[in-house]
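So you can see what is in the structure, the chains are spelled out below.
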Amino acid sequence: MTNEELYLSILNNIQDGVYYVDIHRKIKFWNKGAEQITGYRADEMVGLHCPESGLNHIDEFGNHLCVTGCPLFATNIDGVVRTEKVFVRHKNGFRIPLLTTVYPIRENGVIVGSVEVFTRNSPKVYDDNLIENLSEKAMHDSLTRLPNRAYLENFLQYKLSEYQRFGKRFALLFADIDHFRVFNNTYGHDVGDLVLTDIAKSIMHTIRKEDMFGRWGGEEFVGIFSINRNYEASVIAEQLRHLVENTVVTNSDGQELKVTISVGVTISRHQDTPDDIIKRADSLMYQSKHNGRNVVSSDVSAENV
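Residues numbered from 1 in each chain as written. Predicted model: local features only at pLDDT ≥ 70, side-chain atom pairs only at ≥ 80, totals over all residues. Heavy atoms only, no water.

A. Structural context of the layout of surface pockets. A volume near 1200 Å³ is recorded for the largest pocket. As for the largest pocket, its lining consists of 36 residues, and the residues nearest its centre are Pro 51, Val 67, Lys 209, Glu 210 and Asp 211. For the lining of the largest pocket, the secondary-structure elements that each account for two or more residues are α4 (65-68), α7 (149-166) and β8 (212-217). The element best represented in the lining of the largest pocket is α7, accounting for 6 residues. Within the lining of the largest pocket, the residues separate by chemical class into 16 nonpolar, 8 polar and 12 charged. Taken as a whole, the second largest pocket encloses approximately 180 Å³ of empty space. Lining the second largest pocket, in full, are Asp 176, Ile 177, His 179, Phe 180, Arg 181, Glu 219, Glu 220, Met 285, Tyr 286, Lys 289 and Arg 293. Elements with a minimum of two residues in the lining of the second largest pocket: β7 (170-177), α8 (180-187) and α11 (274-290). It is α11 that contributes the most residues to the lining of the second largest pocket, 3 residues altogether. When grouped by side-chain class, the residues that make up the lining of the second largest pocket number 4 nonpolar, 1 polar and 6 charged. (1 Å grid on protein atoms, 1.4 Å probe; cavity = no way out; pocket = protein on both sides within 12 Å on 5 of 7 lines; lining within 4 Å. Points joined across faces, edges and corners; volume = space filled by probe spheres on them. Helix = DSSP H or I, 4+ residues; strand = E, 2+ residues; numbered from the N terminus. Nonpolar A, V, L, I, M, F, W, Y, C, P; charged D, E, K, R; others polar.)

Listed below in structure tokens is the structure:
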């Protein structure tokens, strides 16, 4: 028996779950303990990226860790050992509480991936709907059901870290409903709420799973979109502006109301902080207001692909 075979035998005969991901969070190893705890076999997990695994890690505060604060992603970047209390989805649909610890793996001093060791934090299992409801309340706006500002801020920090580490570009869109006070003052706050919810319904079904569009506050929205070419930022912003422009809002009297948004859009830069990119997009949105509203303003040059 080689040393490698010996180590694999040891890992496969301990009761704790153990899995290894590479620097891109692709699962490379999944032991027998992980199979027993989660119900997922190794051949179902190895080769998947963590967000695709179905485990859908949620922390004790309701945050979806795969998109807002993945310990594996963080340890892959800084090499810090992390211990978390999480809920994961068992293959059979219920939630199980786990205590997880993440360790960096280095090769010649360079981090090449991380190992997560996990064990049951309690013998109790939880209804998945209960945990998802916890997450829904913690991370979504109660009126529109869109991601709220806290969720957007966490996701933005994650996307910036991903960009600065792996060069995965993204666009940030800042949108504001035009003349929103008129809707509230003329037709009442119920109609103002209807405008917000109808915009949310129109847009939420167009968002890809790797992107996010949420309510920043009041009549302001923020979208964060993965891109391959810089010009895609303006294309996405124009699509959303056009979608809102063609959304019909009908009040209780049957009157159809025209709604538009002013949009600012920018792309990630290597020295950006979350505050930097938000302020840049916000400033561009106000430029759209000054340019007559219902337009998109971008700082991405046409020749910059």
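Here the narrative resumes.
B. Structural view of the sheet that holds strand β13 (residues 296-298). Spatially, 5 strands are ordered β8-β9-β7-β12-β13 in an open sheet, and the strand pairing comes out mixed. Each edge of the sheet is formed by a strand with only one pairing partner; in this case those strands are β8 and β13. In this sheet, neighbouring strand axes are inclined to one another by 20° on average, regardless of whether the strands run parallel or antiparallel. For β8 and strand β9 (residues 220-226), the ladder comprises 5 bridges, and the chain directions are antiparallel. Residue pairing across strands places Arg 215 opposite Phe 221, the latter belonging to β9. Against the sheet, helix α9 (residues 189-204) contacts β7, β8 and β9, and its axis sits at roughly 150° relative to β7. (Pairing = 2+ DSSP bridges. Axes fitted to C-alpha atoms, helices over the stretch in contact; angles between N-to-C directions. Contact = heavy atoms within 4.5 Å.)

None of the figures reported here should be taken as evidence of function without further support.
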